[in-house]
Amino acid sequence: MIEFKDIVKKYRTKSIINPFSLKIDAGQLVVFIGPSGCGKTTLLKMINKLIQPTSGKIFVNGTDISAMNPIELRRNIGYVIQNTGLFPHMSIKENLELIPKLKGEDPAQIEKKTNDLLEMVGLDPKEYLNRFPKELSGGQQQRVGVARAFSTDSDIILMDEPFSALDPVTRSSLQDELFQMQKELNKTIVFVTHDMDEAIKIADKICILKDGDILQFDTPENILKNPANDFVEGFIGKRRVWNNPELMLAEDIMIPQPVKITAMRTVLQAIEIMKDNKVDSLMVTDKQNVLKGLVTLKSIQLLNRNTPIEMIMEQNVLSVSQDANLISVLATMNEHKIGYLPVVNSAKQLTGLITRSSILSALSSQLIDLEVAF
Ligand SMILES: Nc1ncnc2c1ncn2[C@@H]1O[C@H](COP(=O)(O)OP(=O)(O)OP(=O)(O)O)[C@@H](O)[C@H]1O
Ligand SMILES: [Mg+2]
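Procedures and definitions
Residues numbered from 1 in each chain as written. Chains lettered and ligands numbered in written order. Predicted model: local features only at pLDDT ≥ 70, side-chain atom pairs only at ≥ 80, totals over all residues. Heavy atoms only, no water. Helix = DSSP H or I, 4+ residues; strand = E, 2+ residues; numbered from the N terminus. Rg over C-alpha atoms; globule rule 2.2 N^0.38 Å. Buried < 20%, exposed > 50% of the residue type's maximum accessible area, 1.4 Å probe, protein only. Contact = heavy atoms within 4.5 Å. Areas by Shrake-Rupley, 256 points an atom, 1.4 Å probe, with all protein chains shown as cover. Lys, Arg positive; Asp, Glu negative; His and termini not counted. Charge placed at Lys NZ, Arg CZ, Asp CG, Glu CD. Pairing = 2+ DSSP bridges. Domains from an automatic or database assignment. Buried area = accessible area lost by both parts, 1.4 Å probe. Polar contact = N/O pair within 3.5 Å; in protein donor to acceptor, adjacent residues only side chain to side chain. Nonpolar A, V, L, I, M, F, W, Y, C, P; charged D, E, K, R; others polar. Near = heavy atom within 4 Å. Phe/Tyr/Trp six-rings, centres within 6.5 Å; stacked < 30°, edge-to-face > 60°. Lys NZ or Arg CZ within 6 Å of the ring centre and 35° of its normal. Core = buried A, V, L, I, M, F, W, Y, C linked by side-chain atoms within 4.5 Å. Axes fitted to C-alpha atoms, helices over the stretch in contact; angles between N-to-C directions.

Asks: Hey, could you run me through the overall build of the protein in this one?
Replies: Helix and strand counts for the protein stand at 17 helices and 17 strands. Computed over its C-alpha atoms, the radius of gyration of the protein comes to 28 Å, more than 25% above the 21 Å expected for a compact globule of 374 residues. Expressed as lengths along the three principal axes of its C-alpha atoms, the size of the protein is roughly 90 × 55 × 40 Å. Taken across its 374 residues, the protein has 47% of its residues classed as buried. Restricting the contact set of the protein to residue pairs at least 6 apart, pairs at least 24 apart contribute 62%. Here the protein has roughly 18800 Å² of accessible surface; of this, 52% comes from carbon and sulfur atoms. Averaging the positions of the 43 positive and the 46 negative side-chain charges in the protein gives two centres separated by 3 Å.

The following block contains the structure:
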């Protein structure tokens, strides 16, 4: 666990980090993102004491690091800087084994770990162990940098734009590998990037920074759905809903308060209610608003007007929960060839109705926002 408490950083009189407090839970991958110069690297380097705060405290696993020996602290915190920081005169094997050896770990175990780590980042140990960094491509060096950060067996890994120099394909595969490794090895990772797509892809939580202030610290999903202010909104860009349709939920695309009727009413009353509301179907609910069925104009218009709805309503109506996403909503509608889908809450109470036109209007409002944003 890492905690920043009232951290301030000034260079001469210029304030770089304003009073900054943040808690990063163990086992989480937290991404710091923000414009150039906002203080991301400064914050990262404070965690391993490469930079001292002007005031405030940082706790690592509950211990105030100001009293800790910096060398000792750094041996227990993996650190990946841009351009990897591999030692050029050491082979890949030596680079990876340096800190474990300094820590006096068992040589046989070190060897096995080195092999495992290289395999984890997609490099064949037989081929790469004895090469020197300059004999590797930039992307391969970056992979070794990531492996080295994991080699320290530390719970905490700091990564400062580790993938920024890579082509999109390599970058994407390293993001996947990092995500997997983090989940398997349960590390706490603080990751700095400029790239919102990267942040969304790997983060448990994203911390959006500007001029040394936290604008928002939340899960990617919450930030995308509820940006804290215009700056965050501009930073993430509206188009993201298009790229992440799983973030659009039934409750975002439904018509709230659909027209409904109780089962005790008659066909005549149902037809009247439909006419009044200019709809051709009604949800049937009980007194507690629990969804019981559905009637359509087509199915009732030729029936005896006094027939109770209870006797002729369609029962076992398909519904979706409010938090079903757009993809599963569309899949359900396609699979069952239906043009409408009632939405219910956890108590099966009717909260809305999705129709083809409600989907279209939700999507087109995104499109219109998109055009304004550009
Ligand atoms: N030694 C220093 N003396 C004075 N100002 C400094 C020093 N180091 C950093 N700064 C300033 O502190 C601010 C934050 O720098 P920092 O490196 O943390 O930014 P960053 O968010 O990592 O930016 P980037 O995305 O460009 O890497 C910048 O305005 C920078 O100019
Ligand atoms: Mg930086």
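Asks: Please explain the pairing of strand E10 (residues 213–218) as it appears in this structure.
Replies: If a strand is regular, its side chains alternate between the two faces of the sheet. Pairing between strand E9 (residues 205–210) and E10: 5 bridges, direction antiparallel. Residue pairing in the sheet places Ile 208 in a bridge with Gln 216 of E10. The antiparallel hairpin formed by E9 and E10 contains 2 residues in its connecting segment, where Asp 211 sits at a positive phi of about 45°.

Asks: Honestly, the domain arrangement of the protein in this entry has me stumped. Any pointers?
Replies: Think of interface size as the accessible area that goes away when the parts come together; that is how it is often given. Domain annotation of the protein identifies domain 1 (2–247) and domain 2 (250–362). The interface is formed by 4 residues belonging to domain 1 together with 4 residues belonging to domain 2. Summed over both partners, the interface of domain 1 with domain 2 buries about 290 Å², with 56% contributed by carbon and sulfur atoms. A per-residue breakdown of the area domain 1 buries against domain 2 is headed by Lys 225, Pro 245 and Glu 246, which together make up 90% of the total. Here domain 1 and domain 2 share 0 residue pairs in polar contact (both at pLDDT 80 or more) between them. Taken together, the residues that form the side of domain 1 that touches domain 2 break down as 2 nonpolar, no polar and 2 charged.

Asks: Could you clarify how one ought to interpret the site of ligand 1 in this entry?
Replies: Close contacts around ligand 1 come from Tyr 11, Ile 16, Ser 36, Gly 37, Cys 38, Gly 39, Lys 40, Thr 41, Thr 42, Glu 161 and His 194, and that covers them all. A distance of 2.7 Å is found between an oxygen atom of ligand 1 and a side-chain nitrogen or oxygen belonging to Thr 41. The element best represented in the shell around ligand 1 is helix H1 (residues 40–47), accounting for 3 residues. Among the residues making up the shell around ligand 1, the classes are represented as 3 nonpolar, 6 polar and 2 charged.

Asks: Would you take a moment to explain unusual backbone geometry for this structure?
Replies: Peptide bonds are trans in most cases, and residues, glycine excluded, mostly fall at negative phi. Of note in the backbone geometry, Asp 6 takes a positive phi value of approximately 50° without being a glycine. Within the secondary structure layout, Asp 6 lies in strand E1 (residues 2–11). Here Asp 6 falls in the partly exposed class, since its relative accessible area comes to 47%. Backbone geometry places Lys 337, a non-glycine residue, at a positive phi of 50°. Take Lys 337: it is sitting in the loop between helix H16 (326–335) and strand E16 (340–344). Since its relative accessible area comes to 72%, Lys 337 is described here as exposed.

Asks: Just checking my understanding: could you explain the packing of aromatic side chains for this structure?
Replies: Remark: the centre distance and the inter-plane angle together describe each pair of aromatic rings, the angle taken between the planes. For the structure on display, the rule yields 5 aromatic pairs. A ring pair is formed by Phe 20 and Phe 32, whose centres lie 6.5 Å apart and whose planes are at 75°; its orientation type is edge-to-face. Linking Phe 20 in strand E2 (residues 14–24) with Phe 32 in strand E3 (residues 29–33), this pair joins segments that are 12 residues apart in sequence. Assessed through its relative accessible area of 1%, Phe 20 is described here as buried. Among the residues examined, Phe 32 registers a relative accessible area of 0% and is labelled buried. If you follow Lys 183 out to its NZ or CZ, it ends over the ring of Phe 179, 5.0 Å from the centre. The residue whose ring lies beneath Lys 210 is Phe 231, and the NZ or CZ to ring-centre distance is 5.1 Å.

Asks: Please clarify how the nonpolar core should be interpreted in this entry.
Replies: In globular proteins that are soluble, nonpolar side chains generally tend to be buried together. One finds Leu 178, Phe 191 and Ile 206 to be the most contacted residues of the largest nonpolar core, which totals 40 residues. Per-element tally for this core: the top contributor is helix H6 (residues 138–151), with 5 residues. If we skip the residues at most four places from it in the chain, Phe 191 touches Leu 29, Val 30, Val 31, Phe 32, Met 159, Pro 162, Phe 163, Leu 178, Glu 198 and Ile 202. With 28 residues, the next largest nonpolar core counts Ile 2, Phe 32, Leu 43 and Val 60 among its residues.

Asks: Can you help me understand the environment of Leu 268 in this one?
Replies: Counting through the fold element by element, Leu 268 comes out in helix H13 (residues 267–277). What makes Leu 268 partly exposed here is its relative accessible area of 40%. Sequence separation of Leu 268 and Arg 305 is 37 residues, and the distance between their C-alpha atoms is 4.7 Å.

Asks: Could you clarify how one ought to interpret the sheet that holds E1 in this entry?
Replies: The pairing of strands in a sheet comes from backbone hydrogen bonds and takes either a parallel or an antiparallel form. The 4 strands lie next to each other as E2-E1-E4-E5, forming an open sheet whose pairing is antiparallel. Of all the strands in the sheet, the pair left with one neighbour each is E2 and strand E5 (63–64). Relative to strand E4 (residues 55–60), E1 runs antiparallel, the two sharing 5 bridges. Following the sheet pairing, Lys 5 is matched in E4 by Lys 57. Helix-sheet contacts for H1 involve E1, E2 and E4, and the interaxial angle to E1 is about 120°.

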